[in-house]
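Spelled out, the chains give:
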Amino acid sequence: MSTIDLNNPPPNHKFDVSIVRDETDGERRVRLFKDVALFVVALGFVVLVVWLCYSTLIAPAATAEEKKWAMSVLSAATGGIIGYLVRK
């Protein structure tokens, strides 16, 4: 068995020491619930914004300025979704 002197690591090597506590079953459930709940709320918010913009675009009483604003928001949302899917 070989030993490594931690005061003088071998060339082109570095070491990292960490102490990590195992996640319990309860903690895992809470974390997953929180992540899913946050995802559902964010998805609901995005759907609401897209629906409001779309209803503004098809509304005959909406002004040109309102339609321009709605189109800008829809373009930004589409760009964000595409960027998320492409991951760049």
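Residues numbered from 1 in each chain as written. Predicted model: local features only at pLDDT ≥ 70, side-chain atom pairs only at ≥ 80, totals over all residues. Heavy atoms only, no water.

With an unreviewed UniProt entry as reference, the protein chain is termed Transmembrane protein, source organism Rhodoferax ferrireducens.

### A closer look at the overall build of the protein chain
When helices and strands are counted, the protein chain shows two helices and zero strands. Its C-alpha atoms give the protein chain principal-axis dimensions of roughly 80 × 35 × 15 Å. Counting only residues that meet the buried cut, the protein chain has 6% of its 88 residues in that class. Computing the positive centroid from 10 side-chain charges and the negative centroid from 9, the protein chain places the two 8 Å apart. (Helix = DSSP H or I, 4+ residues; strand = E, 2+ residues; numbered from the N terminus. Buried < 20%, exposed > 50% of the residue type's maximum accessible area, 1.4 Å probe, protein only. Lys, Arg positive; Asp, Glu negative; His and termini not counted. Charge placed at Lys NZ, Arg CZ, Asp CG, Glu CD.)

### Focus on unusual backbone geometry
Positioned with a positive phi, Asn-12 is a non-glycine residue whose angle comes to about 60°. Counting through the fold element by element, Asn-12 comes out in the segment before α1 (25–58).

### Thoughts on the packing of α1 against helix α2 (residues 64–86)
Contact pair α1 / α2: the axes reach a minimum separation of 9 Å and the direction vectors enclose 145°. Considering the relative orientation of α1 and α2, their crossing is left-handed. Listed contacts from α2 to Val-49, Val-50, Cys-53, Tyr-54, Thr-56 and Leu-57 of α1 are Glu-66, Lys-67, Trp-69, Ala-70, Met-71, Val-73 and Leu-74. Its residues assigned to classes, the contact of α1 with α2 shows 10 nonpolar, one polar and two charged. (Axes fitted to C-alpha atoms, helices over the stretch in contact; angles between N-to-C directions. Left-handed = near helix turned anticlockwise from the far one by under 90°. Contact = heavy atoms within 4.5 Å. Nonpolar A, V, L, I, M, F, W, Y, C, P; charged D, E, K, R; others polar.)

### So, the UniProt feature "transmembrane region" (unreviewed entry) in the protein chain
In the numbering adopted here, UniProt assigns the feature "transmembrane region" (unreviewed entry) to residues 36–57 and 69–86. End C-alpha atoms of residues 69–86 are separated by 26 Å, and the span's content is 100% helix alongside 0% strand. (UniProt positions renumbered as here; feature names shortened; annotations may be inferred.)

### Concerning the layout of surface pockets
Over the atoms, a rolled probe matching the size of one water molecule traces out where space is still vacant. The volume enclosed by the largest pocket comes to roughly 290 Å³. Lining the largest pocket, in full, are Phe-39, Ala-42, Leu-43, Val-46, Ala-77, Gly-80, Ile-81, Tyr-84 and Leu-85. Secondary-structure elements contributing two or more residues to the lining of the largest pocket are α1 and α2. At five residues, α2 tops the list of elements feeding residues into the lining of the largest pocket. (1 Å grid on protein atoms, 1.4 Å probe; cavity = no way out; pocket = protein on both sides within 12 Å on 5 of 7 lines; lining within 4 Å. Points joined across faces, edges and corners; volume = space filled by probe spheres on them.)

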